[in-house]
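Residue strings, one per chain:
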Amino acid sequence: MSVLEELRGLLRLYAQQFKTTFASMVQYRASLFIWMIAQVLEPLVYLIVWSTVSNGSGGNVGGYTAQGFAGYYLVLMLVNQVTYTWVMYEYEYRVRQGGLSFALLKPVHPIHSDISDNLSSKLVTLPILLVVAGVLAVIFRPTAALSLWAGLVFIPALILAFLVRFLLEWTLALAAFWTTRVNAINQVYFILMLFLAGQIAPLTLFPHWIQILADILPFQWMLGFPVELVLGRLTQIQALEGLAAQAAWLTISLVLVRLVWRAGVQVYSAVGA
Amino acid sequence: MNTLRLLAVFFRVSVLNETAYRVNFFLQLFQSLLELGTALAGLAVIFSYTNSLGGWSPNEMLALVGVYFLVGGIISLVIQPGMSALIDSVRDGTLDFTLTKPEDAQLLVSIQRVAIWSLLDLLMGTGVLVTALVRLGQSIGAAQAAGFIGMLLAGAVIVYSFWLILASLSFWLVRVENLLEIFQSMYQAGRWPVSLYPGWLRFALTFIVPVAFATTVPAEALTGRLNGTTLLGAVGLAILLSAIARLIWRLGLRHYSGASA
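Keep in mind the model is a prediction, meaning the values are calculated, not measured.

Draft legend 1. A look at the environment of B:Ala234. Residues and elements named next belong to chain B. Relative to the helices and strands, Ala 234 is located in helix α12 (residues 228–255). By relative accessible area, which is 2% here, Ala 234 ends up buried. Placed 83 residues apart in sequence, Ala 234 and Met 151 show a C-alpha to C-alpha distance of 7.1 Å. Apart from the residues lying within four places of it in its own chain, the contact partners of Ala 234 are Met 151, Ala 154, Ile 158 and Phe 213.

Written as structure tokens, this is what we have:
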């Protein structure tokens, strides 16, 4: 099969997945609404907490005014929406219930249907979240120093952030092959994200050693970096360094995903097999 | 008395069930400690830039975190497990077995499941609360202590009634688990004093999903912030909501047609 044909096949798969995902999202509107609350409430709470701190200490905390925090957290909410995945919740179920067996029978790598499912559902949810962000922007009046170059670099930074986060979280989800107690593992991961990706506070507000740690680890490259970039808080050198770090982590995660997948499928024994 | 005896029986059964899975204890301990550590580290970051968050000192915020874990522990100990079990039993008809028992069915469904490892959250919350009070260094007067316990009880009744109302909707609707999840995801906002939030959000957290009464109000009582209006409002709402919950539960039961019908 030629590369072109293979690509066309993948494209058909993605289109089909979109139809399936869209149909199931329309079916489960209520879940969609609840998911929205969780997705919006967390950044909103930190936005309010930090704005309060900023207003209470002369209107500036580590270079952020209350409006600056509003800008940070509204963009964070959107970037998080673009890059986040829910595959960790699904894999445990797939492995335990044996649903993965069907995916293994298909002639394409199962990661493709997860990627297309992820992208498809975001085509639906992102516009909704943009409207929510717009309303919140009217309430909280965010400020940012926008610039053309940062806006242009933001696009590859966002795509890389999505890819790195998707691949790493997909790899993490494969932990389900070895243990049924994935909740504890996921919780550790979420806490690392909370502190080292810039969710609890912009990373520049943390002590120096935590910032160094965050530079080395992948978390901020999956979320905090694109946010700070588009808000005009990074120099051009910092932006390039960030892209390089993202590229390095993309390479690492591509290798990881292959290794862990191969090892995991070998220990997988479906129910009834 | 009878209620307490029943509660003790259900608790004992849960202990017997759960002690077969002792690893769960350590997992829960691990996860609870992580969660507490995250909450405390978050506070540490914030208070490295300020010494008062919307008028709350670090130790007062610590007390609020204690209340948050304490009430969250109560919810996940009995309220949440019982209400999910109620929804399931309405759907598959096993509520029949509960209804045939010679006890008040609302009481039985409310205490039917006890997730004993959640006691850890309860203990941890209490520990944090006591630590905060010691560090605040103020002697808690009898009135303040009574106010705190009263508001904690009112908050628990409000949250319980709210959950029972939502769970009772399962007599009419098929999928209500989702509604319960709204409370769970909004509860996290209760880790901060609701006075921080803008009016519309404070309103939602007070009257639509009563998170404020579960955490902020008891913590206010403890730190001497409680005013008469809030106190009366909390007591009034507790009475009102429990009456409404009872009513909806009754109506629901009348609507319930059982498994074989």
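That shown, we press on.
Draft legend 2. Examining the packing of helix α2 (residues 22–47) of chain B against helix α3 (residues 58–92) of chain B more closely. All names here are of chain B. For the pair α2 and α3, the least separation of the axes is 11 Å and the interaxial angle reads 155 degrees. The orientation of α2 with respect to α3, classified from their angle, is roughly antiparallel. Considering the relative orientation of α2 and α3, their crossing is right-handed. Residue-level inspection shows Glu 35, Leu 36, Ala 39, Leu 40, Leu 43 and Phe 47 of α2 in contact with α3, the latter providing Pro 58, Met 61, Leu 62, Val 65 and Phe 69. Residue composition of the contact of α2 with α3, by class: 10 nonpolar, no polar and 1 charged.

Draft legend 3. Inspection of empty space enclosed by the protein at higher detail. All names here are of chain A. Counting across every chain of the model gives 1 cavity of 30 Å³ or more. When its volume is computed, the largest cavity comes out at roughly 50 Å³. Lining the largest cavity, in full, are Trp 86, Val 87, Glu 90, Asp 114, Asp 117, Asn 118 and Phe 166. Looking at the lining of the largest cavity, the elements with two or more residues in it are α4 (87–97) and α6 (110–140). Counting residues per element, the lining of the largest cavity draws most heavily on α6, which supplies 3 residues. Residue composition of the lining of the largest cavity, by class: 3 nonpolar, 1 polar and 3 charged.

Draft legend 4. Looking closely at the confidence of the model for chain B. In the predicted model, chain B carries a mean pLDDT of 88, and the fraction of residues at 70 or more is 98%. The ipTM assigned to the predicted complex is 0.88, against a pTM of 0.90.

Draft legend 5. Fine view of the pattern of salt bridges. All names here are of chain A. Taken as a whole and assessed by the stated rule, the structure comprises 6 salt bridges over all chains. Glu 90 is the salt-bridge partner of Arg 94, the closest N and O atoms lying 2.9 Å from each other. Highlighted residues: Arg 94 and Glu 90, both in helix α4, separated by 4 residues, approximately one helical turn. Of the residues examined, Arg 94 reaches a relative accessible area of 18% and is grouped as buried. Its relative accessible area of 30% is what places Glu 90 among the partly exposed residues. Where Glu 169 meets Arg 165, a salt bridge forms, and the shortest distance between an N and an O atom there is 3.0 Å. Taken as a pair, Glu 169 and Arg 165 lie in helix α7 (residues 148–173) at a separation of 4 residues, close to a single helical turn. Residue Glu 169 is classed as buried on the basis of its relative accessible area, which comes to 2%. A cluster of three or more residues bridged by salt bridges with shared partners is formed by Glu 90, Arg 94 and Asp 114.

Draft legend 6. Expanded view of the interface of chain A and chain B. In this assembly, 36 residues from chain A lie in contact with 32 residues from chain B. For the chain A and chain B pair, buried surface summed over both sides reaches about 2700 Å², with 75% attributable to carbon and sulfur atoms. Those elements that place two or more of their residues in the side of chain A that touches chain B are α2 (29–56), α6 and α8 (182–196) of chain A. Grouping the constituent residues of the side of chain A that touches chain B by class yields 27 nonpolar, 7 polar and 2 charged.

Draft legend 7. Spatial organisation of the side chain of B:Ser161. Structurally, B:Ser161 can be placed in helix α7 (residues 142–168). For B:Ser161, the contacting residues outside a window of four places in its chain are B:Leu241, B:Ser242 and B:Ala245.

Draft legend 8. Representation of the packing of aromatic side chains within the structure. Counted by the stated rule, this structure contains 33 aromatic pairs over all chains. Measuring from ring centre to ring centre gives 6.0 Å for A:Trp50 and B:Tyr49, while their planes differ by 75 degrees; the resulting arrangement is edge-to-face. Separated into two different chains, A:Trp50 in helix α2 and B:Tyr49 in the loop between α2 and α3 make up a pair that spans both. With relative accessibility at 27%, the residue B:Tyr49 sits in the partly exposed group. Judged by centre distance (5.8 Å) and plane angle (40 degrees), the rings of A:Phe162 and A:Phe166 are tilted.

Draft legend 9. Structural detail: the environment of B:Gly55. Residue and element names in this part refer to chain B. The residue Gly 55 is located in the loop between α2 and α3 in this model. On the accessibility criterion, Gly 55 (45% relative accessible area) is partly exposed. Ignoring sequence-local partners within four residues, the contact set of Gly 55 consists of Glu 60 and Arg 225.

Draft legend 10. Structural context of the nonpolar core. Within the largest apolar cluster, 166 residues are counted, with the highest numbers of intra-cluster contacts made by A:Trp50, A:Tyr91 and B:Trp192. With 18 residues, the top contributor of residues to this core is α3(B). Setting aside residues no more than four positions away along its own chain, A:Tyr91 makes contact with A:Leu100, A:Asp114, A:Trp170, A:Ala173, A:Leu174, A:Ala176, A:Phe177 and A:Trp261.

Draft legend 11. Spotlight on a nonpolar patch on the surface. A cluster of nonpolar residues, A:Val131, A:Val135, A:Val138, A:Ile139 and B:Trp200, forms a patch on the protein surface that exposes about 470 Å² of accessible area. No other element matches the 4 residues that α6(A) contributes to the nonpolar patch. Checked against the element boundaries, A:Ile139 lands in helix α6.

Draft legend 12. View of the side chain of A:Asn80. Residue and element names in this part refer to chain A. Among the structural elements, Asn 80 can be located in helix α3 (residues 66–83). Asn 80 sits in the buried class, given a relative accessible area of 13%. A polar contact is formed between the side chain of Asn 80 and the side chain of Arg 165, at a distance of 2.9 Å. In this view, Asn 80 contacts Gln 39, Arg 165, Gln 199 and Leu 223; residues no more than four positions away in its chain are not counted.

Draft legend 13. Broad picture of the packing of α3(A) against α6(A). Residue and element names in this part refer to chain A. Interaxial distance between α3 and α6 falls to 10 Å at its minimum, and their mutual angle equals 175 degrees. Accordingly, the angle class assigned to the pair α3 and α6 is roughly antiparallel. Together, Gln 67, Ala 70, Leu 74, Met 77, Leu 78, Gln 81, Val 82 and Thr 83 of α3 and Lys 122, Thr 125, Leu 126, Leu 129, Leu 130, Val 132, Ala 133, Leu 136, Ala 137 and Phe 140 of α6 make up the contact between the two elements. Grouping the constituent residues of the contact of α3 with α6 by class yields 13 nonpolar, 4 polar and 1 charged.

Reading the values: rules and limits
- Residues numbered from 1 in each chain as written.
- Chains lettered and ligands numbered in written order.
- Predicted model: local features only at pLDDT ≥ 70, side-chain atom pairs only at ≥ 80, totals over all residues.
- Heavy atoms only, no water.
- Helix = DSSP H or I, 4+ residues; strand = E, 2+ residues; numbered from the N terminus.
- Buried < 20%, exposed > 50% of the residue type's maximum accessible area, 1.4 Å probe, protein only.
- Contact = heavy atoms within 4.5 Å.
- Axes fitted to C-alpha atoms, helices over the stretch in contact; angles between N-to-C directions.
- Parallel < 35°, antiparallel > 145°, perpendicular 65-115°, else oblique.
- Left-handed = near helix turned anticlockwise from the far one by under 90°.
- Nonpolar A, V, L, I, M, F, W, Y, C, P; charged D, E, K, R; others polar.
- 1 Å grid on protein atoms, 1.4 Å probe; cavity = no way out; pocket = protein on both sides within 12 Å on 5 of 7 lines; lining within 4 Å.
- Points joined across faces, edges and corners; volume = space filled by probe spheres on them.
- pLDDT = per-residue confidence, 0-100.
- Salt bridge = Lys/Arg side-chain N within 4 Å of Asp/Glu carboxyl O.
- Buried area = accessible area lost by both parts, 1.4 Å probe.
- Phe/Tyr/Trp six-rings, centres within 6.5 Å; stacked < 30°, edge-to-face > 60°.
- Core = buried A, V, L, I, M, F, W, Y, C linked by side-chain atoms within 4.5 Å.
- Patch = residues over 30% accessible without salt bridge, like charges linked within 9 Å, V, L, I, M, F, W, Y side chains within 5 Å.
- Areas by Shrake-Rupley, 256 points an atom, 1.4 Å probe, with all protein chains shown as cover.
- Polar contact = N/O pair within 3.5 Å; in protein donor to acceptor, adjacent residues only side chain to side chain.

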